[in-house]
Amino acid sequence: MSVALTKGGNVSLNRQAPGVRSVRVGLGWTVGAGYDLDASALLCGASGKVPTDQHFVFFNNLQSPDGAVRHLGTEGGGQDRERIEVRLDGVAADVEKVVFAVAVYDAVQRRQTFGQVRGAYVRLTDADSGAEVARYDVTPETGSETAMVFGELYRHGADWKFRAVGQGYASGLAGIAADFGVDVLQPAPAAPAPAVAPPVPAVAPAVPAVPAVPAVPKTQPATGSSPVTCFFDPTHGVGSAVVLWQPQWGVPRQVETCAACAQRVQTTVPPFYTPQQAGYPQQYPQQGYPQQAPPQVPAQHQQEQGGRRFGTGAMIGAGAAGLVGGMLINEALSDDEPQVVVNNYYEDDDDSFF
């Protein structure tokens with residue numbers, strides 16, 4: 001007979017299902033059109049963290065390193081949306097618990113939460129007989145959650161127990177991944193820049209190959225939760241993902257973004273989207289973003305700026321300067337004694353004027 005659990009409740013497998021060797025965790029929900037939810041399992045050690053990223057079992061990694069935990073998807077049909085099988089005697093000795101979570105895919109961009117999810121549940125069945133051992137009907141507490149831990153299997157001495165958790169995360173699967181030490185979004189190191197060959201006359205220079213865009217997982221966990229807002233647009237909310245951003249000028253560096261901007265960066269050929277700075281129009285076209293054309297200068301203004309024009313006063317001043325300069329040069333080349341100029345009249349030894 002199945003045990004109906006409430007939040008925080010647990011059941012012993014030795015007592016409820018003696019001799020059980022493998023269990024299947026069935027997860028289900030009801031949503032409207034346009035919603036896509038994904039189930040996952042995290043194998044954690046004594047520290048509460050996953051030993052490696054391979055201990056995070058989801059649609060892009062269907063089996064744990066020891067082979068004891070397998071993501072079955074919708075295999076087996078029935079009422080469950082997704083199923084995860086755990087072979088209890090095959091779980092590695094350093095794994096203390098297996099956590100089962102469900103996340104709304106692309107929740108930030110689609111503006112979706114568990115507030116619109118109905119009938120969410122997790123149930124534990126004997127994989128051999130199909131008999132249900134325990135069931136927990138999950139109810140979101142606030143409705144703003146975008147991911148939730150439904151339940152967990154954990155060791156209790158020589159026994160295994162199943163606990164109803166029901167913990168929500170507003171930061172999506174990235175928040176769960178951060179809590180359990182998953183680092184699936186760590187970017188690969190940048191490749192060294194290719195050497196530039198000297199230009200050859202009459203031959204077009206070789207165009208460097210565009211680096212391949214890394215494959216983007218369907219759901220992108222982040223390197224850690226952070227109070228910092230999205231690097232590209234603070235209005236997007238918390239920067240829940242860390243990606244390698246290559247600006248138009250400068251070297252690549254890691255930035256924290258929202259899930260939508262993280263996916264856009266990983267699917268856009270470098271240079272990646274560069275945020276527009278205040279006071280400076282964005283001059284380089286970027287995929288998916290409106291561009292600001294440079295201001296147009298009137299033709300009349302361009303004509304006036306095309307060449308310099310000098311007024312009459314400027315011409316007279318230039319002529320006077322030339323005249324004085326010529327007189328000074330003539331005086332310097334003359335063998336006569338220098339004369340004193342006073343108000344354009346010349347003084348001689350006889351004090352007479354001409």
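Keep in mind that this is a model prediction, so the values were computed, not measured.

Colleague: If you had to explain the sheet that holds strand β1 (residues 3–5) to someone new, which residues and values would you point to?
Modeller: Strand order in the open sheet formed by 6 strands is β1-β10-β9-β3-β7-β6, with mixed pairing between adjacent strands. At either end of the open sheet lies a strand with only one pairing partner, and these are β1 and β6 (69–73). Strand-to-strand twist across the sheet, computed as the mean angle between neighbouring axes with direction ignored, equals 20 degrees. With 6 bridges joining them, strand β3 (residues 22–30) and strand β7 (residues 82–87) adopt antiparallel strand pairing. Considered in β7, the bridge of Gly-26 is made with Arg-83.

Colleague: Break down the pairing of strand β9 (residues 118–126) for me, with residues and values.
Modeller: Regular strands have side chains that alternate between both faces of the sheet. Counting buried positions over the 9 residues of β9 gives 7, a clear majority of the element. Inspection of the sheet shows β3 paired to β9 by 7 bridges, in the antiparallel sense. Counterpart to Thr-30 in the pairing with β9 is Arg-118. As paired elements, β9 and strand β10 (residues 132–137) share 5 bridges and run antiparallel to each other. The residue bridging Tyr-121 from the neighbouring strand is Asp-137, located in β10.

Colleague: So what's going on with the nonpolar core? Residues and values would help.
Modeller: By size, the foremost hydrophobic cluster in this structure holds 43 residues, and its most contacted members are Leu-13, Leu-27, Leu-37, Phe-100, Phe-150, Leu-153 and Phe-162. If you list the elements that add at least two residues to this core, you get β3, β4 (37–44), β7, β8 (97–104), β9, β10, β11 (147–156) and β12 (159–169). Once residues lying within four places of it in the same chain are set aside, the contact partners of Leu-27 are Ala-39, Asp-80, Arg-81, Glu-82, Ile-84, Phe-100, Val-102, Tyr-121, Val-122 and Phe-150.

Colleague: Any details on helix α3 (residues 172–179)? Residues and values, ideally.
Modeller: Within α3, 7 of the 8 residues are buried, which leaves the element mostly enclosed by the surrounding structure. Within the span of α3, buried status applies to Gly-172, Leu-173, Ala-174, Gly-175, Ile-176, Ala-177 and Ala-178. Buried residues along α3 sit against β4, β5 (56–57), β8, β11 and β12. One or two steps after α3, the chain reaches Gly-181, where phi turns positive at roughly 80 degrees.

Colleague: Any chance you could break down the state of the cysteines for me, citing the residues and the numbers?
Modeller: For the coordinates displayed, the defined rule picks out 0 disulfides. Of all cysteine sulfurs, the one in Cys-258 lies closest to Cys-230, which takes part in no disulfide; the gap is 3.8 Å. Under the relative-accessibility criterion, Cys-230 is labelled buried at 2%.

Colleague: Can you explain the side chain of Ser-64? Please cite residues and give values.
Modeller: Checked against the element boundaries, Ser-64 lands in the loop between β5 and β6. The residues touching Ser-64, leaving out its near neighbours within four places in the chain, are Leu-43, Gln-54, Val-57 and Val-69.

Colleague: Can you explain the environment of Gln-246? Please cite residues and give values.
Modeller: For Gln-246, the position within the fold is in the loop between β13 (241–245) and β14 (253–257). By relative accessible area, Gln-246 is classed as partly exposed at 29%. Through-space distance from the C-alpha of Gln-246 to that of Val-265 is 9.0 Å; in sequence the pair is 19 residues apart.

Conventions and cut-offs
The residue count restarts for each chain, going from 1 along the sequence in the order it is written. Residues qualify for local features only when their pLDDT is at least 70, as the model is predicted, and side-chain atom pairs are given and counted only at 80 or more; totals for whole chains, interfaces and linings, by contrast, use all residues. Water and hydrogen atoms play no part in the side-chain values, which are based on all heavy atoms of the structure. A pair of strands is considered paired only if DSSP assigns at least 2 bridges between the two. Strands here mean DSSP runs of E at least two residues long; helices mean DSSP runs of H or I at least four residues long; both are numbered from the N terminus. Under this scheme, a helix contributes an axis fitted over its contacting stretch, all axes are lines through C-alpha atoms, and angles between N-to-C directions fall in the 0 to 180 degree range. Type-normalised accessible area, obtained with a 1.4 Å probe on protein chains alone, sets the label of each residue: buried when under 20%, exposed when over 50%, and partly exposed for intermediate values. By convention a nonpolar core is built from buried Ala, Val, Leu, Ile, Met, Phe, Trp, Tyr and Cys residues, the set being connected through side-chain atoms within 4.5 Å. A contact between two residues is defined here by any heavy atoms of the two lying within 4.5 Å. Put simply, a disulfide is two cysteine sulfurs that come within 2.5 Å.

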